[in-house]
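The primary structure of each chain is shown beneath.
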Amino acid sequence: NRLIVGVVGDVHHSGLANAPMPEVFIPLLQVPRPNASLVVIVRVSNASRALIPSVRTIVSSLDKNQPIGKIVTMEALLEQSVAAPRFYSFLLAVFAFLATLLAVIGTHGVIAYSVSRRTHELGIRMALGAQPRDIVTMVLGEGLLPASIGIIIGVGGALALTRFLRSLLFEIKPTDPLTFIGVAILLMLVALAACYIPARHAMKVDPMIALRYE
């Protein structure tokens, strides 16, 4: 039987991505281990490497024969534990940005080409009474429809791959609804921006010139 003297919070000994395991802290004098290494944690109001000599002096004053190993700050330990996931997240962000940029260029190019090929048709529509806003709505709809289908497929694929992203996330659920909604809205706005310039160009088509266009 042992006397419980206190309860402490969870400690992530195996990294931030791994869930804390049940542990029991036992005084070293009750379970002596000759080759055990001790870890001393010093809590200060302003962590700085300038305090390292003071820590060494205090430990030496308690036991001159006690060797002192590596002294690091908690910030350095945290940086080391998240270095690999942060690098992978950065790579994913770079590739996501490049993919979004290519999607914008591709969408803009396809819609602009479609508008240029349909100049005669747009002129006929406007000559028959179509308003500029009707032309803009038509062009935007043609561009946003495939973008919407792509976003739906992408969200489904992301949900299927969430288990592979757990190691890159900390205290964020892979199926976080705000993240999926925010990304879907962002992609829709990007698609809207890519279609807007060709839509504006289509709105300014002169019916008389378009009718003579071949």
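Residues numbered from 1 in each chain as written. Predicted model: local features only at pLDDT ≥ 70, side-chain atom pairs only at ≥ 80, totals over all residues. Heavy atoms only, no water.

Enquirer: Lay out the overall build of the chain in plain terms, naming residues and giving numbers.
Expert: Counting secondary structure elements, the chain contains seven helices and zero strands. Listing every helix and strand of the chain by position from the N terminus yields α-α-α-α-α-α-α. A total of 214 residues make up the chain; the buried ones form 14% of that total. Surface accessibility of the chain: about 17000 Å² in total, with carbon and sulfur atoms responsible for 66%. (Helix = DSSP H or I, 4+ residues; strand = E, 2+ residues; numbered from the N terminus. Buried < 20%, exposed > 50% of the residue type's maximum accessible area, 1.4 Å probe, protein only. Areas by Shrake-Rupley, 256 points an atom, 1.4 Å probe, with all protein chains shown as cover.)

Enquirer: Explain the layout of surface pockets to me, using residue names and the numbers behind them.
Expert: Empty space within the largest pocket amounts to approximately 1700 Å³. Residue lining of the largest pocket: 40 residues in total, with Val39, Val40, Ile41, Val72 and Leu77 positioned closest to the centre. Elements that contribute at least two residues to the lining of the largest pocket include exactly helix H1 (52–62) and helix H2 (74–81). No other element matches the six residues that H1 contributes to the lining of the largest pocket. For the lining of the largest pocket, the class distribution of residues is 23 nonpolar, ten polar and seven charged. (1 Å grid on protein atoms, 1.4 Å probe; cavity = no way out; pocket = protein on both sides within 12 Å on 5 of 7 lines; lining within 4 Å. Points joined across faces, edges and corners; volume = space filled by probe spheres on them. Nonpolar A, V, L, I, M, F, W, Y, C, P; charged D, E, K, R; others polar.)

Enquirer: Tell me about the packing of helix H3 (residues 83–117) against helix H5 (residues 132–160), and name the residues and values.
Expert: Two numbers describe a pair of packed helices, the interaxial angle and the distance between the axes. Packing of H3 against H5 leaves a shortest axis separation of 10 Å and a crossing angle of 140°. On the basis of their axis angle, the class for H3 and H5 is oblique. With respect to the hand of their crossing, H3 and H5 are arranged in right-handed fashion. In this structure, H3 contributes Ile111, Ser114 and Val115 to the contact, and H5 contributes Val139, Glu142 and Gly143. When the residues that make up the contact of H3 with H5 are grouped by side-chain class, the tally is three nonpolar, two polar and one charged. (Axes fitted to C-alpha atoms, helices over the stretch in contact; angles between N-to-C directions. Parallel < 35°, antiparallel > 145°, perpendicular 65-115°, else oblique. Left-handed = near helix turned anticlockwise from the far one by under 90°. Contact = heavy atoms within 4.5 Å.)

Enquirer: Run through a nonpolar patch on the surface, naming residues and quoting values.
Expert: A contiguous nonpolar surface patch, about 1000 Å² in accessible area, is contributed by Phe87, Tyr88, Phe90, Leu91, Val94, Phe95, Phe97, Leu98, Leu101 and Ile105. When you line up the elements, Ile105 lands in helix H3. (Patch = residues over 30% accessible without salt bridge, like charges linked within 9 Å, V, L, I, M, F, W, Y side chains within 5 Å. Salt bridge = Lys/Arg side-chain N within 4 Å of Asp/Glu carboxyl O.)

Enquirer: So what's going on with the packing of helix H4 (residues 119–127) against H5? Residues and values would help.
Expert: Direction vectors running N to C along H4 and H5 enclose 140°, while the axes themselves pass 10 Å from each other. In terms of their interaxial angle, H4 and H5 are classed as oblique. As H4 packs across H5, the resulting crossing turns out to be right-handed. Across from Leu122, Arg125 and Met126 in H4, the residues of H5 making contact are Pro132, Ile135 and Met138. Its residues assigned to classes, the contact of H4 with H5 shows five nonpolar, no polar and one charged.

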